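Structure assessment
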Amino acid sequence: MKNNILTYNELCDKNQKLRDAKYKSWNNIVETLYTSYLIGIIEGSSDDFEKTTIDKDSYKKSLQFFFNDIDNSLEEAIDLININYPDDIEEDITIVPSEKLGKGWFWHKYNDGSGHLVSPDGKEYMSYDLHTNEYKETKDSGYDFFPLNYYYADGLIHKDFNPFSYMEEEMLKILAKDEINL
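Here we summarise the structure given alongside this text. (Residues numbered from 1 in each chain as written. Predicted model: local features only at pLDDT ≥ 70, side-chain atom pairs only at ≥ 80, totals over all residues. Heavy atoms only, no water.)

1. A few points about the pairing of strand β6 (residues 124–129)
Each regular strand shows side chains that alternate between the opposite faces of the sheet. What counts is decided by this rule: At least two bridges found by DSSP between two strands is the condition for calling them paired. Numbering goes from the N terminus for both helices and strands, where a helix is a DSSP run of H or I of at least four residues and a strand is a run of E of at least two.
As judged from the four bridges shared by strand β5 (residues 114–118) and β6, these two strands associate in the antiparallel manner. Residue V118 lies in a different strand from β6, and its bridge partner there is E124. Between β5 and β6, which pair antiparallel one after the other, the connecting turn spans five residues, and G122 there sits at a positive phi close to 90 degrees. Relative to strand β7 (residues 134–136), β6 runs antiparallel, the two being bridged by three bridges. Directly across from D129, in β7, lies its bridge partner E134.

2. Structural notes on the side chain of N15
Spelled out, the test is: The cut-offs for exposure are 20% and 50% of the maximum accessible area for each residue type, with area from a 1.4 Å probe on protein chains only; residues under the lower value are buried, those over the upper are exposed, and the others partly exposed. The definition of a polar contact used here is a pair of N or O atoms within 3.5 Å, where within protein one atom must be able to donate a hydrogen and the other to accept one, and adjacent residues in sequence count solely through side-chain atom pairs. Any two residues having at least one pair of non-hydrogen atoms within 4.5 Å are treated as being in contact.
When you line up the elements, N15 lands in helix α1 (residues 8–20). Judged by its relative accessible area of 6%, N15 falls in the buried class. One polar contact links the side chain of N15 to the main-chain carbonyl oxygen of T32, over a distance of 3.3 Å. Engagement of the side chain of N15 in a polar contact is seen with the side chain of T35, the distance being 2.5 Å. Dropping the residues within four chain positions of it, N15 is found in contact with T32, T35, S36 and I39.

Next up, the structure:
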C-alpha cells in the first residue's frame, strides 16, 4: 500500500489474506465480506478496474459503516428468531413488525385475512378477521367490529380505514392503562 491509497490489486491481496487467515475473528469475517463487496462493485462499475484506487481513510470509514450495518441487521434478525412461534404454525403466515408499538411487536398475518399481534414477551393481542371486520383485544375479550360506516352511523369509510393502525392505537391505549395501574 502506497501512501494513503489502496489499489484494486492490493484490495484483492488483502481479501485473499483475510480469507486465508487461520484464525477468523468476527472482524476478519466482516472485513472479508466488505472487501469482497468492494471488489464486486469495482469490477462491475469500471472497464479498467485494475487502475482503480481507494483512499485508505475512506476505506476505514466505509468499513465502520459496514460493521454497524451488519450489527444492526443481526440485532433485527435475532429479534425475529426469538419470537415464540406456536407449535402449529402455518405455512401461509407473514410476520410484519408493528409500526407504532416499538421493537419486538409483530403482526402475524395469515393468508385467510386473520391474524394477531405478538408482544415482545410472546403474548397475543388484537386477534382479527378482516373478512368479518372484527377484532378482539385479548384472548379473553369478546370480538368488536372495526369502527366502519356500515356498522356505525359515525363510522369510517372502509377504503380509507387501516385496521392495523387502528389496532395499534388501541394497543397503545391498553399499554397506557396498564402503566397507570402499576
